[in-house]
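Each chain is listed here by its residues.
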Amino acid sequence: PTPTPTPNKARGVSLREPQHTSCGPVGVDVTVAPKLHEDAPNAARVALDVSCELRPSAPWLACATHLALTHGGKGFNLKVSPAGLPPGAHYAEVAGVDAAARGVGPLFVLPVTVLMPHADLSLPGAPPVASFEALHFNPGHIERRFVVPPRGASWATLTLTLSLTLIPTLSLTLSPTLSLLSLSLSLSLTLIPTLSLIPTLSLTLIPTLSLTLTLTL
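Notes on the structure in this doc start here. Bear in mind that the values here come from a model prediction, so they are computed numbers and not experimental data.

Glancing now at the overall build of the protein. The number of helices and strands found in the protein is 2 helices and 13 strands. The proportion of buried residues among the 217 residues of the protein is 25%. Residue pairs in contact within the protein that sit at least 24 positions apart in sequence constitute 65% of those at least 6 positions apart. Taken as a whole, the protein presents about 14600 Å² of accessible surface, with 61% of it coming from carbon and sulfur.

Given below as structure tokens:
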């Protein structure tokens, strides 16, 4: 049977379960229903017939090229192929554009989100521990890691280790000075500029965070 990751009346497609991200292409049935103004006459509703161009924004999305949209709504099948995606969060969308008025912009946009795990602990023989070393953080930085827990796991232990690294930095400063070279008989002074190098040593602290996630049955 064709899996349906999102319930009816959902406004997008979200794939994050192992049965969706670790297998082949996933087929999703999508229904597009236009909304007319409540005061629109029935004749305008019946006469609604828009030829829409379907434009996926990522190569891992595939669908029909056109959709004939009527007042009762029309559906199309979307094929999502997450097998070749790297670990992490991925976002794409399918835009429906009126073929007769492309400059107006999309009539509807279908968002598609796929979460690919960094570690799958549900695989046979996989240890119940996932470790992520040398994670560098800056102010306001967000680091996400997605882990599939072992089957039957009910709780997890999270261990964080913070380490600081000293990185010396040597910088040279050019300081111009004026020195008196000679005094002539006509009492004229000649000034010759010279440059002196002033070394400056600074130390930078770079925090490194190591994350260990232990899942226990």
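This brings us to the nonpolar core. By size, the foremost hydrophobic cluster in this structure holds 26 residues, and its most contacted members are Trp60, Leu61, Phe76, Leu78, Val80, Val112 and Val114. At the level of secondary structure, the elements contributing two or more residues to this core comprise strand 1 (13-15), strand 2 (26-32), strand 3 (49-56), strand 5 (66-70), strand 6 (74-80), strand 7 (88-98) and strand 8 (106-116). Ranked by residues supplied to this core, first place goes to strand 8 with 5 residues. Residues within four places of Val114 in sequence aside, it is in contact with Leu15, Thr21, Trp60, Val80, Pro82, Leu85, Gly88, Ala89 and His90.

Before going further, it helps to spend a moment on the pairing of strand 7. Across the 11 residues of strand 7, 8 count as buried, placing the element largely inside the fold. Note: strand 3 against strand 7, 5 bridges, orientation antiparallel. The residue of strand 7 that forms the bridge with Leu54 is Gly96. With 10 bridges joining them, strand 7 and strand 8 adopt antiparallel strand pairing. Looking at the pairing, His90 lines up with Val114 of strand 8.

This part takes up the side chain of Asp120. The topology assignment puts Asp120 in strand 9 (residues 119-120). No salt bridge is formed by the buried Asp120. Its closest oppositely charged neighbour is Arg151, at 7.4 Å. Residue contacts for Asp120: discarding those within four places in its chain leaves Ala126 and Val148.

In this section: the pattern of salt bridges. Taken as a whole and judged by the stated rule, the model has 4 salt bridges. Beyond isolated ion pairs, a larger network of salt bridges with shared partners links Glu53, Arg55 and Arg102.

What follows deals with the sheet that holds strand 7. The strand order across the open sheet built from 5 strands is 1-8-7-3-5, with neighbouring strands paired in mixed fashion. Pairing within the sheet leaves two strands with one partner each, and these edge strands are strand 1 and strand 5. Neighbour-to-neighbour, the strand axes of the sheet open up by a mean angle of 20 degrees, direction not taken into account. Relative to strand 8, strand 1 is paired through 3 bridges, and the arrangement is parallel. Counted as the bridge partner of Ser14 is Thr113 from strand 8.

Although it is not a glycine, Ala134 adopts a positive phi angle of roughly 50 degrees. Topologically, Ala134 is positioned in strand 10 (residues 129-136).

Thresholds applied
Residues numbered from 1 in each chain as written. Predicted model: local features only at pLDDT ≥ 70, side-chain atom pairs only at ≥ 80, totals over all residues. Heavy atoms only, no water. Helix = DSSP H or I, 4+ residues; strand = E, 2+ residues; numbered from the N terminus. Buried < 20%, exposed > 50% of the residue type's maximum accessible area, 1.4 Å probe, protein only. Contact = heavy atoms within 4.5 Å. Areas by Shrake-Rupley, 256 points an atom, 1.4 Å probe, with all protein chains shown as cover. Core = buried A, V, L, I, M, F, W, Y, C linked by side-chain atoms within 4.5 Å. Pairing = 2+ DSSP bridges. Lys, Arg positive; Asp, Glu negative; His and termini not counted. Salt bridge = Lys/Arg side-chain N within 4 Å of Asp/Glu carboxyl O. Axes fitted to C-alpha atoms, helices over the stretch in contact; angles between N-to-C directions.

Take it as geometry only, folks, not as evidence of what the structure does.
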